[in-house]
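Each chain, written out:
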Amino acid sequence: MQRPSSNMPEFQLLAAKSKYIVVLSGAGISAESGIPTFRGAGGYWRTYQATDLATPEAFKRDPSLCWEFYHYRREVVLSKKPNAAHEAIAKAEAVLEKQGRKLIVVTQNIDGLHQSAGSKNVVELHGSLFKTRCTKCQAVEVDRNSPICEALRDRGAPDVDAVATRIPTEQLPRCSKCSGLLRPHVVWFGEQLYPDVLNEANRHLENCDLCLVIGTSSVVYPAAMFAPQVASRGVPVAEFNIESTPHTMDFGYYFEGSSSQTVPQSLEKIFSEQE
Ligand code: BV8
Ligand code: ZN
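Source: prediction; values computed, not measured.

Cut-offs and rules
- Residues numbered from 1 in each chain as written.
- Chains lettered and ligands numbered in written order.
- Predicted model: local features only at pLDDT ≥ 70, side-chain atom pairs only at ≥ 80, totals over all residues.
- Heavy atoms only, no water.
- Pairing = 2+ DSSP bridges.
- Helix = DSSP H or I, 4+ residues; strand = E, 2+ residues; numbered from the N terminus.
- Axes fitted to C-alpha atoms, helices over the stretch in contact; angles between N-to-C directions.
- Contact = heavy atoms within 4.5 Å.
- Donors = N, O, S within 2.8 Å, 3.2 Å for Na, K, Ca; no water.
- Tetrahedral: all angles 85-135°; square planar, octahedral: opposite > 155°, others 65-115°.
- Buried < 20%, exposed > 50% of the residue type's maximum accessible area, 1.4 Å probe, protein only.
- Phe/Tyr/Trp six-rings, centres within 6.5 Å; stacked < 30°, edge-to-face > 60°.
- Expected span 1.5 Å × (residues − 1).
- Salt bridge = Lys/Arg side-chain N within 4 Å of Asp/Glu carboxyl O.
- Core = buried A, V, L, I, M, F, W, Y, C linked by side-chain atoms within 4.5 Å.
- Near = heavy atom within 4 Å.
- Polar contact = N/O pair within 3.5 Å; in protein donor to acceptor, adjacent residues only side chain to side chain.
- Areas by Shrake-Rupley, 256 points an atom, 1.4 Å probe, with all protein chains shown as cover.

Caption draft 1: Local environment of the sheet that holds strand S8 (residues 182-186). Ordered in space as S7-S6-S8, the 3 strands form an open sheet in which the pairing is antiparallel. At either margin of the open sheet sits one strand with a lone partner, and together these are strand S7 (140-142) and S8. Ignoring which end each strand starts from, the neighbouring axes of this sheet average 40° apart. Where strand S6 (residues 127-134) meets S8, 4 bridges bridge the pair, whose relative direction is antiparallel. When the sheet's bridge partners are listed, Cys134 is paired in S8 with Leu182. Together, S6 and S8 form the strand contacts of helix H5 (residues 63-78), whose direction differs from that of S6 by roughly 140°.

Caption draft 2: Seen up close, the coordination of the zinc ion (ligand 2). Only Cys134 (SG), Cys137 (SG), Cys175 (SG) and Cys178 (SG) from the protein reach the zinc ion (ligand 2) as donors, at distances of 2.2 to 2.4 Å. Geometry at the zinc ion (ligand 2) is tetrahedral, judged from the 4 donor atoms that bind it and their angles of 97 to 118° at the metal. Taken in chain order, the donor set of the zinc ion (ligand 2) reads C-x2-C-x37-C-x2-C. Overall, Cys134 belongs to the buried group, its relative accessible area being 0%. Taking the relative accessible area as the measure of exposure, Cys137 reaches 36% and is therefore partly exposed.

Caption draft 3: Inspection of the packing of aromatic side chains at higher detail. For the coordinates displayed, the defined rule picks out 10 aromatic pairs. Residues Phe240 and Phe255 carry aromatic rings whose centres are separated by 5.3 Å and whose planes lie at 40° to one another, so their mutual orientation is tilted. Pair noted here: Phe240 is in strand S10 (residues 237-241) and Phe255 is in strand S11 (residues 253-256), with a separation of 15 residues, a long-range link. In terms of burial, Phe240 and Phe255 fall into one category: buried. Ring pairs connect the aromatic residues Trp45, Tyr48, Phe59, Phe69, Tyr70 and Trp188, which therefore count as one cluster.

Caption draft 4: Region of interest: H5. Spanning 16 residues, H5 covers 22 Å between terminal C-alpha atoms, matching the ideal 22 Å at 1.5 Å per step. Within H5, 13 of the 16 residues are buried, leaving the element largely enclosed by the surrounding structure.

Caption draft 5: Spatial organisation of the pattern of salt bridges. Scanning the entire structure with this criterion turns up 8 salt bridges. Arg155 is paired through a salt bridge with Glu68; the nearest N and O atoms lie 3.4 Å apart. In this pair, Arg155 is assigned in the loop between S7 and S8 and Glu68 in helix H5, connecting sequence segments 87 residues apart. Salt-bridge contacts for Arg183 lead to Glu191; the nearest nitrogen and oxygen are separated by 2.7 Å. For Arg183, a relative accessible area of 7% gives the class buried. Here the salt bridges do not stand alone but share partners, grouping Arg46, Glu68 and Arg155 into one network.

Caption draft 6: Fine view of the nonpolar core. Counting residues in hydrophobic clusters, the biggest one holds 27 residues, and the most contacted among them are Phe59, Trp67, Phe69, Tyr70, Leu129, Leu152 and Trp188. Listed by contribution, the elements that provide at least two residues to this core are helix H3 (50-53), H5, S6 and S8. Ranked by residue count, the leading element in this core is H5, at 6 residues. Ignoring sequence-local partners within four residues, the contact set of Trp67 consists of Phe59, Thr132, Ile148, Leu152, Leu172, Pro173, Leu182, Arg183 and Pro184. Within the second largest apolar cluster, 26 residues are counted, among which are Ala85, Val95, Leu96 and Leu210.

Caption draft 7: Region of the structure containing the site of ligand 1. Around ligand 1, the surrounding shell holds 32 residues, and the nearest of these are Arg39, Tyr70, Gln108, Ser217 and Asn241. In this structure, a nitrogen atom belonging to ligand 1 sits 2.7 Å away from a main-chain N or O atom of Val187. The separation between an oxygen atom of ligand 1 and a polar main-chain atom of Gly215 is 3.3 Å. Computed on the free molecule, ligand 1 has an accessible area of 1500 Å², of which 75% lies beneath the protein chains in the complex. At the level of secondary structure, the elements contributing two or more residues to the shell around ligand 1 comprise helix H2 (28-31) and H5.

Caption draft 8: View of the environment of Pro168. For Pro168, the position within the fold is in the loop between S7 and S8. Residue classification places Pro168 among the partly exposed positions, given a relative accessible area of 34%. Separated by 105 residues in sequence, Pro168 and Pro63 have C-alpha atoms that sit 9.1 Å apart.

Any functional reading would require information that these geometric values do not contain.
Right, dumping it as structure tokens:
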């Protein structure tokens, strides 16, 4: 098996020539914005791992605890900003678009930081912290209110010994149309990805001529198979991570380091072409 190249000048030229770039991002791209990743130490809230609470069963069993978890994550994200990696990707999209070329972000993240940095073409594979879905009428709404509802104000403290008095479901976020109980519009473990989102992501994966896969441990399916799928078409894929992952050997390029450094560097020839 050939080892991935770490030849940055070579990759910069590839990126400057590409017509249809797909950026696949995971929690690692937001780590330097201060948002904990899942697998690092930050992956815990109180005595729970995200994977314990990000399930339909957890919501059914205790919607109050589940909403405290998501309320906490919303408030954390509202206090954070995109970093240089998000910004370089948004800038590259704008420059390429002027030249009739595409750059699409397909993200596993639900923090909305790509959009805050100015990215327009963003496919949110796993939904968004700032969208709700009614469990009764299925209406999906954008909601960036802080707090999302009065009963959750000052709730959601992450400390292990935080006292979780249960909030009655009537006081949890309710639907403005049918007053049904709202849930976060995110894809939980064991839930299928939204078909239209999956189709859109696949269309981009099948047509791109370059792929950057940034800050993902590639353990969650089906997202974990996207970059290897592109590489198997013979399209150059570059992985950006602080450590190698189970798929690093599948890719043509691997740039070790913090994405806020390596990602802007990899895209800079797109900007210099423009000047
Ligand atoms: C489904 C929204 C099918 C919610 C998320 C056994 C084997 C294989 C699969 C399964 C299995 N058991 C269950 C499954 C399926 C399951 C799955 O894959 N489980 C995993 C845990 C094994 N998948 C699902 O359930 C999916 N649905 O398969 O449905 C189905 C079919 C028929 C009928 C019914 C169902 C749904 C998965 C979506 C779950 N929702 N998020 C929420 O967030 O609350 S997943 C969530 O976790 C994220 O969205 C993301 O996808 C994942 C976290 O992964 P990463 O983003 O990669 O983050 P991580 O912390 O892991 O890694 C960070 C990386 O960044 C690291 O590599 C680190 O080195 C790097 N890094 C850190 N700092 C930096 C950096 N890199 C660069 N610079 C830095 N500064
Ligand atoms: Zn409703």
